[in-house]
Amino acid sequence: MRRGYIGPPRRSWNQGETVKFREGWFDSGEDVFLSRAPGRLDVMGGIADYSGSNVFEMPLRNAVTVGCQRRKDDKLRVLSLNAEEEGFDPKVELSIYDLFKSYDQLRSLFSFNPKRRWAGYVLGVFPVLIHEGIVRRFPCGANILIDSTVPMGAGISSSAALEVASMSSILACYGLKLDPMRIASLCQIVENRIVGAPCGIMDQITSVMGRRNRLISILCRPGEVLEQVEIPDFIRFVGINSRVKRSTAGEAYTKTRTATFMGFTIILHELKLEAKYLCEVSPEEFRGELAQVLPLRMKGEEFLRRYGDTVDTVTEVNPYEIYRVRSCTEHPIYENRRVERFIKLIKSLSRFDSLKDAIPTLRKAGSLMYSSHWSYKYRAGLGCREVDMIVRFARKLGVEMGIFGAKITGGGGGGTVAVMCSSDSDWALEEICSRYRSATGLKPDLFIGSSDGAALYGIEVHRTGR
């Protein structure tokens, strides 16, 4: 098999994420275009991204690899080497003409069979590229193969990694080039409009543009990379997977997002505020007149009667639901301030030569992570018993054992805890996992290490044997 490469200088994989060329899946003698996109560890910011917050993310070593090859007919054939172990159908086949539908029709198409819903993250790329004016049509179908070390429902953005790897591979296969931010925004459309998950854009940007051993600072208004902050050698950020599944398409996440936009809509209407994003409001402004106009709770039908729909384009107010409007609106405003302070503290670590000198700063940064976790639970109404348990065990071990901070990640409601710890904290991490397993019977996973995003990794080209 001949190997070629398109893109910037790349690192060797050395992580076991290789696409297995199954006999009969790819056609002989045709190029296969490979892309690799990492999951992400949400260090700070989380669900505040959809409110225009600053967020701070790390691309993980765990990644999704996608290979795409043109066919000579109109068929789209997708095979996931990991879907079956997650309880899904591993193979989906459609005609490319089956995707010539509206976004609403496509969402119904992929949600009709829950065991095949995952294919929307991959095949949704084709109609999005057409609907958004990137191409007028595709000349042929494709064979697509997926291999992943990013577990579904773990809160480390398996969906964004799958979208980004698929988008990058498909673009290369059909000779299309887009800038990294455009790729991220199109992947968000796949998730919002095709899959129906109301996510923000931080996951896609991190998966496309993240850099190994750096934290990426993103201003989600709508999406701008502010800087890439190098992680000092004496600390690291690690994910502990609770093994409690979560999803941005889940009811709790959607309800929290809806309540947040209800609050923002009320503020805009009642106070004639000129703002495009909720996080343009400072905590000081919110504590004044703004908070006073927000009800603690509000039934959907009352909101719809008084204000019509919200300014959000991807969620709908349920008239029969009761929403926690004030606290859900408050969370992203305060989270944005926490993120800004956290970034300054992490950047200031560059002046220290050793862990001992940095401990006072790390204590302050860790306190912000614990505050973020508290706000997730009590303001945003997200989280779960098992995740709270991991954070509590981390806090009990504390600074003396090299654990400086911990918080829930991403959309909350389960999934992974982000831990800030010393680089030699293996014993403490194992102790947290041991205590958690004894208390719950669940065996947690550790997500350790970082890798480059899809843009820096580039595209690898393989020629299958004749």
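See the structure printed just above.
Reference entry: report on the structure contained in this document. (Residues numbered from 1 in each chain as written. Predicted model: local features only at pLDDT ≥ 70, side-chain atom pairs only at ≥ 80, totals over all residues. Heavy atoms only, no water.)

**A few points about the overall build of the protein**
Here comes step 1: A tally of helices and strands in the protein yields 14 helices and 15 strands.
Here comes step 2: For 466 residues, the compact-globule formula gives about 23 Å, and the C-alpha radius of gyration of the protein, at 22 Å, lands near that figure.
Here comes step 3: The principal-axis extents of the C-alpha atoms in the protein amount to approximately 65 × 60 × 40 Å.
Here comes step 4: For the protein, the proportion of its 466 residues judged to be buried stands at 59%.
Here comes step 5: When contacts within the protein are restricted to residue pairs at least 6 apart in sequence, long-range pairs at least 24 apart make up 77% of them.
Here comes step 6: For the protein, the accessible area works out to roughly 19,400 Å², and carbon and sulfur atoms hold 47% of it.
Here comes step 7: Computed over 65 positive and 55 negative side-chain charges, the inter-centroid distance for the protein is 1 Å. (Helix = DSSP H or I, 4+ residues; strand = E, 2+ residues; numbered from the N terminus. Rg over C-alpha atoms; globule rule 2.2 N^0.38 Å. Buried < 20%, exposed > 50% of the residue type's maximum accessible area, 1.4 Å probe, protein only. Contact = heavy atoms within 4.5 Å. Areas by Shrake-Rupley, 256 points an atom, 1.4 Å probe, with all protein chains shown as cover. Lys, Arg positive; Asp, Glu negative; His and termini not counted. Charge placed at Lys NZ, Arg CZ, Asp CG, Glu CD.)

**Here's the deal with the sheet that holds strand β9 (residues 235-241)**
Here comes step 1: Here we have four strands laid out as an open sheet, ordered β12-β13-β9-β14, and antiparallel in their pairing. Of all strands in the sheet, those bounded by a partner on one side alone are β12 (403-408) and β14 (445-447). Each adjacent strand pair in this sheet contributes to an overall mean axis angle of 25°, direction not counted.
Here comes step 2: Of the strand pairs in this sheet, β9 and strand β13 (residues 416-422) are connected by seven bridges, and their pairing is antiparallel. Directly across from F237, in β13, lies its bridge partner M420.
Here comes step 3: Running at roughly 20° to β12, helix α11 (residues 355-378) makes contact with β9, β12 and β13 of the sheet.
Here comes step 4: Against the sheet, helix α12 (residues 385-397) contacts β9, β12 and β13, and its axis sits at roughly 170° relative to β12. (Pairing = 2+ DSSP bridges. Axes fitted to C-alpha atoms, helices over the stretch in contact; angles between N-to-C directions.)

**Observations concerning the packing of aromatic side chains**
Here comes step 1: Per the counting criterion, the structure on display carries nine aromatic pairs.
Here comes step 2: Where F126 meets F138, the ring centres are 5.0 Å apart and the plane angle is 70°; that geometry is what we call edge-to-face. On the criterion of sequence distance, the pair formed by F126 in helix α3 (residues 125-131) and F138 in the loop between α3 and β6 (142-148) is long-range, its members being twelve residues apart. You'll find F126 and F138 in the same group, each marked buried.
Here comes step 3: Grouped by ring-pair contacts, the aromatic residues Y50, Y253 and F261 constitute a single cluster.
Here comes step 4: Across from the ring centre of Y334, 4.7 Å away, lies the NZ or CZ of R379, which sits over that ring.
Here comes step 5: Over the aromatic face of Y370 sits the side chain of R395, whose NZ or CZ is 4.2 Å from the ring centroid. (Phe/Tyr/Trp six-rings, centres within 6.5 Å; stacked < 30°, edge-to-face > 60°. Lys NZ or Arg CZ within 6 Å of the ring centre and 35° of its normal.)

**Digging into the side chain of R77**
Here comes step 1: On the secondary structure map, R77 appears in strand β4 (residues 75-80).
Here comes step 2: In this structure R77 touches G24, W25, R71, V92, E93, A142, N143 and I144, once residues within four positions along its chain are discounted.

**Here's the deal with the pairing of β13**
Here comes step 1: Counting buried positions over the seven residues of β13 gives seven, a clear majority of the element.
Here comes step 2: Of the strand pairs in this sheet, β12 and β13 are connected by five bridges, and their pairing is antiparallel. Each bridged residue has a counterpart across the sheet, and for K407 the counterpart in β13 is A418.

**As for the packing of helix α4 (residues 158-173) against helix α5 (residues 180-195)**
Here comes step 1: The interhelical angle for the contact between α4 and α5, taken along N-to-C directions, is 120°, at an axis separation of 9 Å. The pairing of α4 with α5 is recorded here as oblique in orientation. Considering how the two elements wind past one another, α4 and α5 form a crossing that is right-handed. In this structure, α4 uses S159, A160, E163, V164, M167, S168 and L171 to contact α5, whose residues at the interface are I183, L186, C187, V190 and E191. (Parallel < 35°, antiparallel > 145°, perpendicular 65-115°, else oblique. Left-handed = near helix turned anticlockwise from the far one by under 90°.)

**Regarding the environment of S185**
Here comes step 1: Locating S185 in the fold gives a position in helix α5.
Here comes step 2: Side-chain polar atoms of S185 contact the backbone oxygen of R182, separated by 2.9 Å. (Polar contact = N/O pair within 3.5 Å; in protein donor to acceptor, adjacent residues only side chain to side chain.)

**Quick look at the nonpolar core**
Here comes step 1: By size, the foremost hydrophobic cluster in this structure holds 91 residues, and its most contacted members are L123, F126, I144, F237, F342 and I346.
Here comes step 2: Counting residues per element, this core draws most heavily on α4, at nine residues.
Here comes step 3: Setting aside its immediate chain neighbours within four residues, F126 contacts L76, I96, L99, F138, A142, I144, I170 and Y174.
Here comes step 4: In this structure, L268, Y307, L382 and L397 belong to the second largest nonpolar core, which totals 53 residues. (Core = buried A, V, L, I, M, F, W, Y, C linked by side-chain atoms within 4.5 Å.)

**Description of the side chain of S158**
Here comes step 1: Note on placement: S158 falls in helix α4.
Here comes step 2: Judged by relative accessible area, S158 falls into the buried class, the value being 18%.
Here comes step 3: Apart from residues no more than four positions distant in its own chain, S158 is found in contact with V64, V150, P151, M152 and G153.

**What to know about the packing of helix α7 (residues 251-271) against helix α9 (residues 300-307)**
Here comes step 1: Contact geometry for α7 and α9: axes closest at 12 Å, N-to-C directions at 30°. With respect to their mutual orientation, α7 and α9 come out roughly parallel. Read as a crossing pair, α7 and α9 show a hand that is left-handed. Listed contacts from α9 to M262, T265, I266, H269 and E270 of α7 are F303, R306 and Y307.
Here comes step 2: Classifying every residue of the contact of α7 with α9 gives four nonpolar, two polar and two charged. (Nonpolar A, V, L, I, M, F, W, Y, C, P; charged D, E, K, R; others polar.)

**Considerations on the pattern of salt bridges**
Here comes step 1: Applying the stated criterion across every chain, the model contains 25 salt bridges.
Here comes step 2: Across the salt bridge formed by E270 and R306, the nearest N and O atoms sit 4.0 Å from each other. With E270 in helix α7 and R306 in helix α9, this pair connects stretches of sequence that are 36 residues apart.
Here comes step 3: Judged by relative accessible area, R306 falls into the partly exposed class, the value being 46%. (Salt bridge = Lys/Arg side-chain N within 4 Å of Asp/Glu carboxyl O.)

**Section: the environment of W118**
Here comes step 1: Of note, W118 is situated in the loop between α1 (103-111) and α2 (120-123).
Here comes step 2: In sequence terms W118 and M152 are 34 residues apart; their C-alpha atoms lie 9.8 Å from each other.
Here comes step 3: Sequence-distant contacts of W118, defined by excluding residues within four places in its chain, comprise V78, S80, A83, F88, D89, P90, K91, V92, I146 and L162.
Here comes step 4: Reaching out from W118, the side chain makes a polar contact with the backbone oxygen of D89 at a distance of 2.8 Å.

In short, the description is geometric, and any link to function would need to be established separately.
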